[in-house]
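Each chain is listed here by its residues.
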Amino acid sequence: MRVTVTYNIKKEENLTNLSNFKNRHNFKHFINKNLLNNYAERIDDTFAEWDSFETIDAIRNALENRSHEVTLVEADINVCENLKASEPDIVFNVAEGFWGQSRESQVPAILEMLNIPFTGSDSITIGICHNKARCKEILSYYKIPNADFFIADTPVEKKNLKFPKFVKPLHEGSSKGIYNSSIVYNLEQLNSEIDRIKSNYNQPSLIEDFLEGREFTVAMLGNNDNVKILPIIEVKLDSIPQDFPNIYSYEVKWFFDTRENQLDIFECPAKIDSSLKERIEKVCMSTFKSLQLRDWARIDLRLDKNNIPNVLEVNPLPGILPDPRDNSCYPKAARTAGMNYEAMINAVLNEAIKRYKLNEN
Ligand SMILES: Nc1ncnc2c1ncn2[C@@H]1O[C@H](COP(=O)(O)OP(=O)(O)OP(=O)(O)O)[C@@H](O)[C@H]1O
Ligand SMILES: [Mg+2]
């Protein structure tokens, strides 16, 4: 088939900045959290969600190895013309977009307009998942457990708030804006985070009850009655340096866990008893269905104080770094299920091909 890959790529200068920064500091031994906080905030996380060329190249190889004819199209302002010119039978979409709250929906919406089949969820579902509060509203409607929340664009004066709370940007991913300071214990800290998120990311904060239990992430593959749950990953929060809070923050994701010094933070399959496994799977299946997810997704969850799995957030475009040393969750779960990168990419493509019934033409 003719497959076009749509993507956004990290710009060269950004990568150079990041690697210079990492070379200057050996993060494995970096245990002063205030110092790291400051450093991390100085690093520009604007492009944290975009892919590296290595990832796009790996997707291309995976598809070409199965005899597909592959064209790469960057999701820039010429995307519409370039997509038409590439004349695809189907698009493998990993574009995160750049401008606006609906940035991850833009390529899917264009593909819908052009009537071109594509992998993954439609523009509405992707847009809803990108806005974490909208997503939680739907989950709550279907009685799927998630932390109580409110939104604030400016400092709040509320009395009687129960702490700790967790504060994050309303519509970001890849831990953008989630630092060690995101867990807050009083009104002053809460308001300082709301200000930080407004000034750095120009958006409101989502303020949630802090979920104190174990954390998991679950990769899913398929459609309708045929959705597979890949081996569950536990994010082992106890492997985070001791004087750090119990969260999978930007500092941990991008600085402590590097290719050179891999942090042993994921356990796959997670060591959980069958009852917890069943409960996590049930929540994930209901989430997949209620949000009308398609082909693939990764769902992050945390247990509350009563050990009930709560959905943290839903990723309809999960990160897929190809190098196992990069500790990327979806490929890790796929590997544990016996799928290498090539098999994983083609499994996602084949789910979309089946869904559009393209193999019957
Ligand atoms: N309500 C909460 N209670 C406790 N911890 C939380 C809560 N919300 C988020 N976290 C912590 O912050 C981390 C990042 O949050 P979240 O998954 O919402 O952000 P993200 O940037 O969209 O992540 P991703 O990189 O998976 O796209 C979680 O993995 C978890 O450790
Ligand atoms: Mg997450």
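Look up: the structure comes first, before these words.
(A) Inspection of the overall build of the chain at higher detail. When its secondary structure is counted, the chain shows 12 helices and 13 strands. Partitioning the intrachain contacts of the chain with sequence separation of at least 6 by distance along the chain shows that 72% fall at a separation of at least 24.

(B) Fine view of the sheet that holds strand β7 (residues 205–209). Taking strand neighbours across the sheet as the criterion, the four strands line up as β4-β7-β5-β6 in an open arrangement whose pairing is antiparallel. Because the sheet does not close on itself, it has two edges, and the strands there are β4 (149–152) and β6 (183–184). The sheet contact formed by strand β5 (residues 165–169) and β7 spans five bridges and is antiparallel. Looking at the pairing, Lys168 lines up with Leu206 of β7. Contacting β4, β5, β6 and β7, helix α8 (residues 187–201) runs over the sheet at an angle of about 10° to β5.

(C) Looking closely at the sheet that holds strand β3 (residues 90–93). If you walk across this open sheet you meet the three strands as β2-β1-β3, and the pairing is parallel. Either end of the sheet is taken by a strand with one partner, and the two such strands are β2 (69–74) and β3. Across the sheet, the mean angle separating the axes of adjacent strands is 25° when strand polarity is ignored. Where strand β1 (residues 2–7) lies against β3, four bridges are found, and the strand directions are parallel. Across the sheet, the residue bridging to Thr6 is Asn93, located in β3.

(D) Looking closely at the site of ligand 1. Lining the immediate surroundings of ligand 1 are 20 residues, of which Phe166, Gly173, Glu208, Leu211 and Tyr248 lie closest. Listing elements by their share of the shell around ligand 1, those giving two or more residues are β5, β12 (295–303) and β13 (309–315). Residue composition of the shell around ligand 1, grouped by class: eight nonpolar, four polar and eight charged. Each of domain 1 (2–147 + 211–360) and domain 2 (148–210) gives at least three residues to the shell around ligand 1.

(E) Seen up close, the pairing of β7. Judged by how many residues are buried, β7 sits mostly within the fold: four of five residues are covered. Pairing of β4 with β7, which is carried by four bridges, proceeds in the antiparallel orientation. Bridge pairing links Ala152 to Ser205 in β7.

(F) α8, seen in detail. Its 15 residues place the ends of α8 21 Å apart at the C-alpha level, agreeing with the 21 Å of an ideal helix rising 1.5 Å per residue. If you follow the buried residues of α8, they end up packed against β4, β5, β6 and β7.

(G) Just the environment of Val94, in detail. Mapped onto the fold, Val94 is located in the loop between β3 and α5 (103–114). With 25 C-beta atoms counted inside 10 Å, the residue Val94 sits in the buried group. Here the alpha-carbon distance between Val94 and Asp51, two residues 43 residues apart in the chain, equals 8.4 Å. Contact partners of Val94, with chain neighbours within four places excluded, come to Tyr7, Asp51, Ile59 and Leu317.

(H) Region of interest: the nonpolar core. In this structure, Val218, Ala219 and Met220 are the most contacted members of the largest nonpolar core, which totals 69 residues. No other element matches the seven residues that helix α12 (residues 341–355) contributes to this core. Those residues in contact with Ala219 that sit more than four places away from it in its chain are Leu230, Arg298, Pro318, Cys329, Tyr330, Ala333 and Ala334. Core analysis: the next-biggest nonpolar cluster, separate from the first, contains 11 residues, Phe166, Leu170, Ile197 and Leu206 among them.

(I) Looking closely at unusual backbone geometry. For the bond running from Phe163 to Pro164, omega is 0°, close enough to zero to count as cis. Omega for the bond connecting Cys268 with Pro269 falls within 30 degrees of zero, at 0°, which places this linkage in the cis form. Counting through the fold element by element, Pro269 comes out in the loop between β11 (266–267) and α10 (274–290). Backbone geometry places Asp295, a non-glycine residue, at a positive phi of 65°. As for its placement among the helices and strands, Asp295 is situated in strand β12. In this structure Asp295 comes out as buried when scored by C-beta crowding, with 24 C-beta atoms within 10 Å.

(J) Representation of the packing of helix α4 (residues 79–86) against α5 in the model. Axis separation between α4 and α5 bottoms out at 11 Å; the angle between their running directions is 50°. Classified by the interaxial angle, the pair formed by α4 and α5 is oblique. The handedness of the crossing between α4 and α5 comes out as right-handed. Contacts between α4 and α5 involve Val79, Cys80, Leu83 and Lys84 on the former and, on the latter, Val107, Ile110 and Leu114. Taken together, the residues that form the contact of α4 with α5 break down as six nonpolar, no polar and one charged.

Definitions and limits used
Residues numbered from 1 in each chain as written. Chains lettered and ligands numbered in written order. Predicted model: local features only at pLDDT ≥ 70, side-chain atom pairs only at ≥ 80, totals over all residues. Helix = DSSP H or I, 4+ residues; strand = E, 2+ residues; numbered from the N terminus. Contact = placed C-beta atoms within 7 Å. Pairing = 2+ DSSP bridges. Axes fitted to C-alpha atoms, helices over the stretch in contact; angles between N-to-C directions. Near = placed C-beta within 6 Å. Nonpolar A, V, L, I, M, F, W, Y, C, P; charged D, E, K, R; others polar. Domains from an automatic or database assignment. Buried ≥ 20, exposed ≤ 12 C-beta atoms within 10 Å, placed from the backbone. Expected span 1.5 Å × (residues − 1). Core = buried A, V, L, I, M, F, W, Y, C linked by C-beta atoms within 7 Å. Parallel < 35°, antiparallel > 145°, perpendicular 65-115°, else oblique. Left-handed = near helix turned anticlockwise from the far one by under 90°.

Function cannot be inferred from these measures alone, as they are strictly geometric.
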